[in-house]
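So the chains spell out like this:
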Amino acid sequence: MASPGHSDLGEVAPEIKASERGTALAIADGTNEAQDNDFPTVERSRLQEMLSLLGLETYQMQKLTLQDSLQISFDSMKNWAPQVPKDLPWNFLRKLQALNAEARNTTMVLDAPPDARPGEEGQMEEEVLYWDTADNIAADIYSFSELPTPDTPVNPLDLLCALLVSSDSFLQQDIILKMFLCQFALPLVLPDSENHYHMFLLWALRGLVRTWWLQPLRGPGSFKEDSVVLPRMPTFAFVRMDVSSNSKSQLLNAVLSPGRRLRDCFWHRDLNLGASPREIADGLVEISWFFPSGREDLDVFPEPVAFINLRGDIGSHWLQFKLLTDISSAVFILTDNISKKEYKLLFSMKESNTKYYFILSPYRGKRNTNLRFLNKLIPVLKIDYSHVLVKVSSTDSESFVRRLQSIVRCVMRSPCRRVSVEDMAHAARKLGLRVDEDCEECQKAKERMEKITRKIRDPEAYKREELRLQGEPWRKVAQVEKELCQLHWAGDSPEKCRSELRGRLLELRAQQNSLDPTWGVQEFVRGISSPSPGEKQYFLRWMELGLARLAQQRLRPPPETLLSLRSKHCGAVDATEPLWPDPLGVEHFLREMGQFYEAESCLVEAGKLPVGQRRFAHFPGLALELLLRGLPLELVDGGSLSVPLRWVTGLLKELHTRLERRSRLVVLSVLGVPGTGKSTLLNTMFGLRFATGKSSSPRGAFMQLVEVAEGFSQDLGCDHILVIDSGGWIGGALTTTGERFELEASLATLIMGLSNVTVVSLAETRDVPLALLHAFLRLETTGHAPSYQFVYQNLHGTSAPNPQLRDGRQCPEPLSDGGLAVACGETRGDGVRTLADVAFGDPEKQHVWHIPGLWHGVPPMAAVSLGYSEAIFELKRCLLENIRNGLSNQNKNIQQLIELVRRL
């Protein structure tokens, strides 16, 4: 990160005042500011017309939020094509949520009358409706006038700009994160076509993290994980001057792609509607990165490098071009002609320290003119003829791309400008561009986060010294509560034993309650208590980013190494001790709040503390606000692998109060072996934010709430779906005895018992974890068994084009010896021989799914495969259909859920 007052930008132009903007835009043709006064008016009407066309004009004052985009509706169950422009934003958001590689396609299909479009109640047939004159004998040519007519095509970049302008900061961040996972080029500068105060999107890029491999390889620790906005790296800009026969975007895609494996990172003219006129997206600046994978056959460049693309002509977007010259290691200018006008434009850059390269495709008869002005520019821009490349129709494209890649590598090896995205934002401010992160709420939240994180030198020491109610104190409490629970179910235990345990519990809780929250916890509570909803949300996000940054700075073995260690040792280690320390996260601060609430509530229940002396009764309400804004909250404490019953109950009571009449719930959970993609599956299915990654995810089970649109809740039979991610603690027990098996089976029983639907995520192995089999059979006797979906994920192979679904009745794989022992020992005797016999109470409700691999290609440059995205969508549709048709267990209200938590 740049030190205060310093930037590795070389020469940065002095700040351009608003009054000088017209002058900057008019360098090329000599026009003055007064002559351009009517230009913003024309652009303003274009923006408003585009927003109106897309149905987004209502979101100009009250911005579209992340919660709006994640609602479950009729459309969630249909794989429909947009038919009118107003469908396009929602189609884009829905496909992007599913990480679908075709999300940017804005093609509209006019194959159904308006009253049969998806979203209308009762129109849920799977078939696409087509108009056919054979259906109406009296049809004639005049009836065509009554059919839908094609609307004006919408350029995908116009759709993206309009949607970002209509979204709040947090939806913008989510959109860009999903685009990043799909390997789409990302918006860096959003053009403001009304007044030319363009927006640099620093905040929107903040949450992006990438893991890459360092070269040359230095053993198993040669990988690095970091935010993409912080590392300084070479940056190359591609721009167009006047007209170019060559496509910048296609050229960039080729430069970024190894060999012939071309990726459409930047949308270009040969893709659907890529050549349609841009109404509001001219002036958009996009960015993409190359990150090495450690494989010589795939790594085009030896280190991370950024590529930037300016949409439109530099003469019309001079401010953006000036920014690119200030931040780039080299600028590649594509043009067909260099005339007097272009010469004047580039002559104004004579003081620039950037390297310039020209990619020419000259018109016939213009070559002498080009050469004359090029000869004049060579001393001005301090270049030579090696910086001039000619690409005409007869040029071999592959060899030309290899030459470009060689030039980029040569610049990277030489002393060149290296900048971070934060440095770019600093340069943008100097030029008068707005930066999205500079709003008052965001900056106040950032200051509060930094006050907390500055005191965190060693995360493990911070947990022990500042989060004092966790760790060993909470483990002791959890052990006593577990023994009390066992005595309760035993029934005939001595009262003296129970009394001693209750006394011990109260003693431990009194010790916890005697402590005050430390300064860091108090500051965190003040941050999430802010009266400004925006500042509260910014603070929470800043805390996540700041704590993640601390974790990234710690050396850690690669994910593959960690996974092999876990598989080797998990049968021998303590069930509550992770192989790698749990990274410090927001959940630790919320866990501390939960322990203060638990200790106080326990003493109040026992009559040891008057109700009027409670200090922490408002904590569940504060945490619930975060749940409603999309933060996952802990259901099973990852520190002790136990359930903070009073805290969870308090949260659910607050939820019941807040939701009032809309409190009907369906509970959907995912369980399975660590590393089988459970969190990624849920995030892709519902657009959620469960932590992913084998070595950095929290250990506990987390829950998030998904709202069902009011117009669909009656049909679906619930108002919200409570989604539970079981984390990485099931699947380690190798025998049916011991503490680990008992712990896993109990927690699996709890989560499955709360659930209407449980998805069991498995790897290539056919074995279901022993603890899950035990939980299946336990729940059969209680009547709380959910419906099941078994998902086998291809974690390492190439993606298949389509999901393969097999009915549970056709799944006769025999159980392993351990699984058979569990099944036989629990209830059914030695007649149990198949997975279907154990897991499927009603085979009509259950399925086994085979999901293609997540990645298309090799990370970190791999995109999410289309096969994976489509398979997850089909699984989601099936789950919602089961809920809608009543095939899942009876839906619960929150009061019933509270009672279930207590009983289980």
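The structure presented is a predicted model; accordingly, all values stated were derived computationally and were not measured.

With that settled, consider the overall build of the chain. Within the chain, the regular secondary structure consists of 31 helices and 23 strands. Counting the 904 residues in the chain, one finds 57% classified as buried. Contacts in the chain between residues at least 24 apart in sequence constitute 78% of all its contacts with a sequence separation of at least 6. When the accessible surface of the chain is split by element, carbon and sulfur atoms take 51% of a total near 38100 Å².

As a further point, take the environment of Leu 681. Mapped onto the secondary structure, Leu 681 falls in helix α24 (residues 678-686). Setting aside residues up to four positions removed in sequence, Leu 681 forms contacts with Val 670, Val 791, Gln 793, Tyr 868, Ile 872 and Leu 875.

So, about the pattern of salt bridges. A complete count under the given rule lists 40 salt bridges for this structure. A salt bridge links Arg 662 to Asp 719; the nearest nitrogen and oxygen atoms lie 3.7 Å apart. Placement of the pair is Arg 662 in the loop between α23 (645-659) and β14 (664-672) and Asp 719 in the loop between α25 (710-716) and β16 (720-725), with a sequence separation of 57 residues. Residues Arg 662 and Asp 719 agree in their burial class; the two are buried. The salt bridge involving Asp 719 is made with Arg 664; its shortest N-O contact spans 3.2 Å.

Ranked by internal contacts, the top residues of the largest apolar core, which has 158 residues, are Phe 200 and Phe 358. In terms of residue count, the dominant contributor to this core is helix α30 (residues 866-884) (eight residues). If we skip the residues at most four places from it in the chain, Phe 358 touches Met 241, Ile 333, Ile 338, Leu 346, Leu 374, Leu 377, Leu 381, Ile 383, His 387, Val 388 and Leu 389. Among the nonpolar cores identified, the runner-up in size contains 79 residues, and Phe 539, Leu 659, Val 667 and Ala 701 belong to it.

On inspection of all chains with the given rule, the structure shows 26 aromatic pairs. Ring geometry for Phe 596 versus Phe 616: centroids 5.0 Å apart, planes at 45°, classification tilted. Placement of Phe 596 in helix α21 (residues 586-605) and of Phe 616 in the loop between α21 and α22 (619-628) is noted, with a sequence separation of 20 residues between them. Residue Phe 596 shares its accessibility class with Phe 616, and that shared class is buried. One aromatic cluster in this structure is built from Phe 236, Phe 238, Phe 290, Phe 301, Phe 307, Phe 332 and Tyr 357. Taking NZ or CZ as reference, Lys 376 lies 5.7 Å from the ring centre of Tyr 343, over its face.

What follows is about a positive patch on the surface. On the surface, a cluster of positive charge is contributed by Lys 340, Lys 344, Arg 372 and Lys 376. Those elements that provide at least two residues to the positive patch are α10 (340-347) and α11 (367-381).

Another aspect to go through is helix α4 (residues 88-97). Because each turn of an α-helix spans 3.6 residues, side chains separated by three or four positions end up pointing in the same direction. Along α4, nine of the ten residues are buried, which leaves the element largely enclosed by surrounding structure. Considered for burial, the residues of α4 that qualify are Leu 88, Pro 89, Asn 91, Phe 92, Leu 93, Arg 94, Lys 95, Leu 96 and Gln 97. Buried residues in α4 make contact with α3 (66-70), α5 (156-165), α6 (169-181), α24 and α30. Positioned one or two residues after α4, Leu 99 has a phi angle of 55°, which is positive.

With that out of the way, let us pick up the pairing of strand β17 (residues 757-762). Of all six residues in β17, six are buried; the element is thus mostly enclosed. Taken together, the five bridges between β14 and β17 define a ladder with parallel strand orientation. Among the inter-strand pairings, Leu 668 is bridged to a residue of β17, identified as Val 757. Two elements, β17 and strand β18 (residues 787-793), share six bridges in a ladder whose sense is parallel. Looking at the pairing, Ser 761 lines up with Val 791 of β18.

Below, the discussion takes up the side chain of Gln 595. Examined against the element boundaries, Gln 595 turns out to sit in helix α21. Not counting residues up to four positions away in its chain, the partners in contact with Gln 595 are Leu 469, Trp 474, Arg 509, Gln 512 and Pro 644.

What follows covers unusual backbone geometry. The linkage connecting Pro 859 with the following residue, Pro 860, adopts the cis geometry, with an omega of 10°. With respect to the helices and strands, the residue Pro 860 is situated in the loop between β21 (855-856) and β22 (863-864). Phi is positive for Gln 183, close to 65°, though the residue is something other than glycine. Summarising the element assignment, Gln 183 is placed in the loop between α6 and β1 (186-190).

Right, let's get into the packing of α10 against α11. The contact between α10 and α11 brings their axes to 10 Å, and the two run at 0°. Taken together, the axis directions place α10 and α11 in an arrangement best described as roughly parallel. Packed against α10, whose contacting residues are Lys 340, Tyr 343, Leu 346 and Phe 347, the element α11 presents Phe 373, Lys 376, Leu 377, Val 380 and Leu 381 at the interface.

Moving on to helix α9 (residues 318-327). Most of α9 sits out of view: ten of its ten residues are buried. Residues of α9 that are buried include every one of Trp 318, Leu 319, Gln 320, Phe 321, Lys 322, Leu 323, Leu 324, Thr 325, Asp 326 and Ile 327, and no others.

Let us now look at the environment of Leu 360. Locating Leu 360 in the fold gives a position in strand β9 (residues 355-360). Each C-alpha atom, one on Leu 360 and one on Ile 338, is 9.1 Å from the other, the two residues being 22 residues apart in sequence. When sequence neighbours within four positions are dropped, the list of residues in contact with Leu 360 reads Asn 246, Thr 335, Ile 338, Leu 374, Val 388, Leu 389, Val 390 and Lys 391.

A word on the pairing of β16. Among the six residues that make up β16, six are buried, leaving the element largely enclosed by the rest of the structure. A two-sided burial pattern is seen for β16, the buried positions comprising His 720, Leu 722 and Ile 724 on one face and Ile 721, Val 723 and Asp 725 on the other. When β14 meets β16, the two strands line up parallel, connected through six bridges. By the bridge assignment for β16, Leu 665 is matched with His 720. As paired elements, strand β15 (residues 701-707) and β16 share six bridges and run antiparallel to each other. Bridge pairing in β16 links Phe 702 to Asp 725.

Right, let's talk about the packing of α5 against α6 for a bit. Remark: α5 packs on α6, axes separated minimally by 9 Å, with the N-to-C direction vectors making an angle of 145°. Between α5 and α6 lies a crossing whose hand is left-handed. Along its contact with α5, which presents Leu 160, Leu 163 and Leu 164, the element α6 presents Gln 172, Ile 175 and Met 179. Across the contact of α5 with α6, the residue classes break down as five nonpolar, one polar and no charged.

This part covers the side chain of Ser 352. Its place among the elements puts Ser 352 in the loop between α10 and β9. For Ser 352, a relative accessible area of 11% puts it in the buried group. A polar side-chain atom of Ser 352 sits 3.2 Å from the main-chain amide nitrogen of Thr 354. If near-sequence neighbours (up to four positions away) are discounted, Ser 352 is found in contact with Thr 325 and Lys 382.

Confidence in the prediction for the chain averages 81 pLDDT; 77% of positions are at 70 or higher. In the predicted structure, residues 112-149 sits below a pLDDT of 50 and forms 34 contacts with residues beyond four places in sequence or in another chain. Below a pLDDT of 50 lies the segment residues 798-815, which in the model reaches 52 contacts outside its immediate sequence neighbourhood of four places, other chains included.

With that out of the way, let us pick up the environment of Pro 852. Along the chain, the position of Pro 852 falls in the loop between β20 (847-851) and β21. Owing to a relative accessible area of 5%, Pro 852 belongs among the buried residues under this scheme. In sequence terms Pro 852 and Leu 866 are 14 residues apart; their C-alpha atoms lie 9.2 Å from each other.

Conventions and cut-offs
- Residues numbered from 1 in each chain as written.
- Predicted model: local features only at pLDDT ≥ 70, side-chain atom pairs only at ≥ 80, totals over all residues.
- Heavy atoms only, no water.
- Helix = DSSP H or I, 4+ residues; strand = E, 2+ residues; numbered from the N terminus.
- Buried < 20%, exposed > 50% of the residue type's maximum accessible area, 1.4 Å probe, protein only.
- Contact = heavy atoms within 4.5 Å.
- Areas by Shrake-Rupley, 256 points an atom, 1.4 Å probe, with all protein chains shown as cover.
- Salt bridge = Lys/Arg side-chain N within 4 Å of Asp/Glu carboxyl O.
- Core = buried A, V, L, I, M, F, W, Y, C linked by side-chain atoms within 4.5 Å.
- Phe/Tyr/Trp six-rings, centres within 6.5 Å; stacked < 30°, edge-to-face > 60°.
- Lys NZ or Arg CZ within 6 Å of the ring centre and 35° of its normal.
- Patch = residues over 30% accessible without salt bridge, like charges linked within 9 Å, V, L, I, M, F, W, Y side chains within 5 Å.
- Lys, Arg positive; Asp, Glu negative; His and termini not counted.
- Charge placed at Lys NZ, Arg CZ, Asp CG, Glu CD.
- Pairing = 2+ DSSP bridges.
- Axes fitted to C-alpha atoms, helices over the stretch in contact; angles between N-to-C directions.
- Parallel < 35°, antiparallel > 145°, perpendicular 65-115°, else oblique.
- Left-handed = near helix turned anticlockwise from the far one by under 90°.
- Nonpolar A, V, L, I, M, F, W, Y, C, P; charged D, E, K, R; others polar.
- Polar contact = N/O pair within 3.5 Å; in protein donor to acceptor, adjacent residues only side chain to side chain.
- pLDDT = per-residue confidence, 0-100.

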